[in-house]
Amino acid sequence: MPAKDYAPIDQNWLEEAGSLWTTPWVDTPSERVIVDPIILSHAASLFRKNAGYFYQNPDEAVRMVCAACELYDVTPVGHYLYADYWGMDYGAEIKMQTNSPPGITKRPIKTPEDVDNFEVLDTDELVKGPTLTTHYKALDTVKDEYPNMFAPITQLGGTMEVATNWAAIEDVFMWMITEPEVVDKLCTKAGDHMVNACRATAERYGANVMITGSVIASGDLMDREQIKRFSYNPVSRAVRKVLNEGAGPGVYYHLCGNHTDDFEMWKDAPMSPFSIVQIGYDGQDIFPTSKLVEHFGDRCTCFGTVDTKLVDRGTPAQVYEQAKEQVLAGKDSPRGFILGTACECPTNAPPVNVHALVKAAKDFGKYEKF
Amino acid sequence: MDIKITEELDNLLKDNGIKKEEIQEIIDNAESNGSKLEAIDGDLCIAKGCTDNLTMYAVYSPSELVDVYAHKMSILGLTGGELHDVEYDDSSDWKCVKCDEIALERNVDMTYMGVTRPGPGLVCPKCNEFYVSDGVAKTLKTAESILEEKRA
């Protein structure tokens, strides 16, 4: 759908939502906690489109996201991203899928020798590559058509996520056991790539919010020492370098999956004045916001979560109840709080469940600290 | 210590509203009391000076001024309180001349316009003197602009 077919965003809503969105970052008083359900291809389902359509049409995708933000009354930011970024720039093949985000089918690194010979692209090369070309098409659309909903993000994931977009996950995990130094090299190169990608966005838009963290490197697949070696350390190095090169100021640590054993080390990860930490799960359970605030509340903005499985397959009452518990525990966190989902809002999540999440924030997320 | 200032840096000083004399004083103080960082593999030094609302840094070699930068955010101390062990290599490329200690890369709390948040700093583990790099100062400048816009 071209831009003219979208209803204009209600400017009164946008002003109010912008105010709610600003509070967690700069402590300006507002009424209540903002909700960010990480809406991506879910927006397409509201337009009777599928995930494949969403990802193949980045300009339309962000229009749909912006409209969904207003519909649900959530964070007014137009996003576009998917997990399998950065493969195609280095020769990977990607498959567009009807009902899920694009997936890499063929990766450029197959052997340890390939890791040695692998060269990270510089900033100029990345800007011309398929990932940023598409990503910037989405961001430019937001900037032009929805300037007050624009945030210049760079989707990175952590070093293990980038590494497994370059080499098959089964190979990387095998090397982790048989030749861990190969994975060290791979993750170092992934970190260098992350720095170059952030620099590209910062140069283009004057600022950059890096989405990093640890997704594959979670307690379900790796032990604490492996997470530390292949994720925490190289990610920390990369973030520090990004901030030392002036390519910030936003840092979003997205710790998806189970982080029971490693979450504490992330307390010392490099942070900027606009840092946020989101942790998905504590074992099999949603990560308690009380625990998140206890450990991170005096450091950065906290992103409390509701189980995405619940948002996808639970009842509105279940979503509402968990959201209530999380928002009550986090709303007055000293350096700001956002309520959201543990990961991206599932494409076909029932809209009533997203509504229940927002309703809980409206009913129980009123600030007391101002 | 007389420092040569190139025309380019002179213009940078003017753009940032910093006087040559202020920079010279910062360097002189650092040279006299040793409160400065020195590059581990080179002859560059970083000295800093604070006014009520600005922290200024001079990067200099024995003969000339190499860079100047500043930030408005005021450093309060280490994020999370006291210095403790971290699980990454936090050694920087700089050492504190006064203490002969490698400066550590740690999060430090910074405050501006009533907002306190962390940022990446360089910290001497002995005297607890804090510095930021030129790149971080650029990041802080962006952060300060956002705070000025949103807190106005």
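Everything here concerns the structure above.
A. Region of the structure containing the overall build of chain B. Within chain B, the secondary structure is distributed over three helices and nine strands. Counted from the first residue to the last, chain B has its helices and strands arranged as α-α-β-β-β-β-β-β-β-β-β-α. Expected size for 152 residues packed as a compact globule is a radius of gyration near 15 Å; at 15 Å, chain B falls within 12% of this value. Burial status across chain B gives 47% buried among its 152 residues. Contacts spanning at least 24 positions in sequence make up 52% of the contacts within chain B whose residues lie at least 6 apart. Averaging the positions of the 16 positive and the 31 negative side-chain charges in chain B gives two centres separated by 5 Å.

B. The pattern of salt bridges, seen in detail. For the structure on display, the rule yields 30 salt bridges over all chains. Between A:Asp5 and A:Lys4 there is a salt bridge, with its nearest N and O atoms 3.4 Å apart. The class for A:Asp5 is partly exposed, based on a relative accessible area of 40%. Of the charged contacts in the structure, one is a salt bridge between A:Arg224 and B:Glu87, with a shortest N-O distance of 2.6 Å. Separated into two different chains, A:Arg224 in helix α11 (residues 224-244) and B:Glu87 in the loop between β5 (74-78) and β6 (91-96) make up a pair that spans both. A relative accessible area of 26% places A:Arg224 in the partly exposed class. Residues participating in the shared-partner salt-bridge network are A:Arg32, A:Asp73 and A:Lys362.

C. Here's a closer look at the side chain of A:Lys189. Residues and elements named next belong to chain A. Turning to its location among the elements, Lys189 is positioned in helix α10 (residues 180-205). It turns out Lys189 is buried and unbridged, and the closest side chain with the opposite charge, Asp116, is 5.8 Å from it. For Lys189, the side chain forms a polar contact with the main-chain oxygen of Val115, separated by 2.8 Å. When neighbours within four sequence positions are excluded, Lys189 is seen to be in contact with Val115, Asp116, Phe118, Val120 and Trp166.

D. Spotlight on the packing of aromatic side chains. Within this structure, the stated rule accounts for 22 aromatic pairs over all chains. Taking the centre distance of 5.2 Å and the plane angle of 70° together, the rings of A:Phe263 and A:Phe287 count as edge-to-face. Within this pair, whereas A:Phe263 is found in the loop between β6 (249-258) and β7 (274-282), its partner A:Phe287 is found in the loop between β8 (285-286) and α12 (289-296), the two being separated by 24 residues in sequence. Across the pair, exposure class does not vary: A:Phe263 and A:Phe287 are buried alike. Cluster of aromatic residues (ring-pair linked, three or more members): A:Phe54, A:Tyr55, A:Tyr80, A:Tyr82, A:Tyr85 and A:Trp86. Sitting over the ring of A:Tyr53, A:Lys49 keeps its end group 4.6 Å from the ring centre. The residue whose ring lies beneath B:Lys48 is B:Tyr131, and the NZ or CZ to ring-centre distance is 5.4 Å.

E. Just the interface of chain B and chain A, in detail. Contacts between the two partners involve 31 residues from chain B and, on the opposite side, 33 residues from chain A. When chain B packs against chain A, the two sides together hide about 2600 Å² of surface, and 51% of this comes from carbon and sulfur. If you sort the residues of chain B by the area they bury against chain A, B:Glu87, B:Tyr88 and B:Arg117 come out on top, with a joint share of 28%. Counting the contacts that link chain B with chain A gives five salt bridges. One salt bridge connects B:Arg117 with A:Asp27, and the closest N-O pair in it is separated by 2.7 Å. Between the two partners, chain B and chain A, sit 18 residue pairs in polar contact (both at pLDDT 80 or more). For the side of chain B that touches chain A, the leading source of residues is helix α3 (residues 134-151) of chain B, giving 11 residues.

Cut-offs applied
- Residues numbered from 1 in each chain as written.
- Chains lettered and ligands numbered in written order.
- Predicted model: local features only at pLDDT ≥ 70, side-chain atom pairs only at ≥ 80, totals over all residues.
- Heavy atoms only, no water.
- Helix = DSSP H or I, 4+ residues; strand = E, 2+ residues; numbered from the N terminus.
- Rg over C-alpha atoms; globule rule 2.2 N^0.38 Å.
- Buried < 20%, exposed > 50% of the residue type's maximum accessible area, 1.4 Å probe, protein only.
- Contact = heavy atoms within 4.5 Å.
- Lys, Arg positive; Asp, Glu negative; His and termini not counted.
- Charge placed at Lys NZ, Arg CZ, Asp CG, Glu CD.
- Salt bridge = Lys/Arg side-chain N within 4 Å of Asp/Glu carboxyl O.
- Polar contact = N/O pair within 3.5 Å; in protein donor to acceptor, adjacent residues only side chain to side chain.
- Phe/Tyr/Trp six-rings, centres within 6.5 Å; stacked < 30°, edge-to-face > 60°.
- Lys NZ or Arg CZ within 6 Å of the ring centre and 35° of its normal.
- Buried area = accessible area lost by both parts, 1.4 Å probe.

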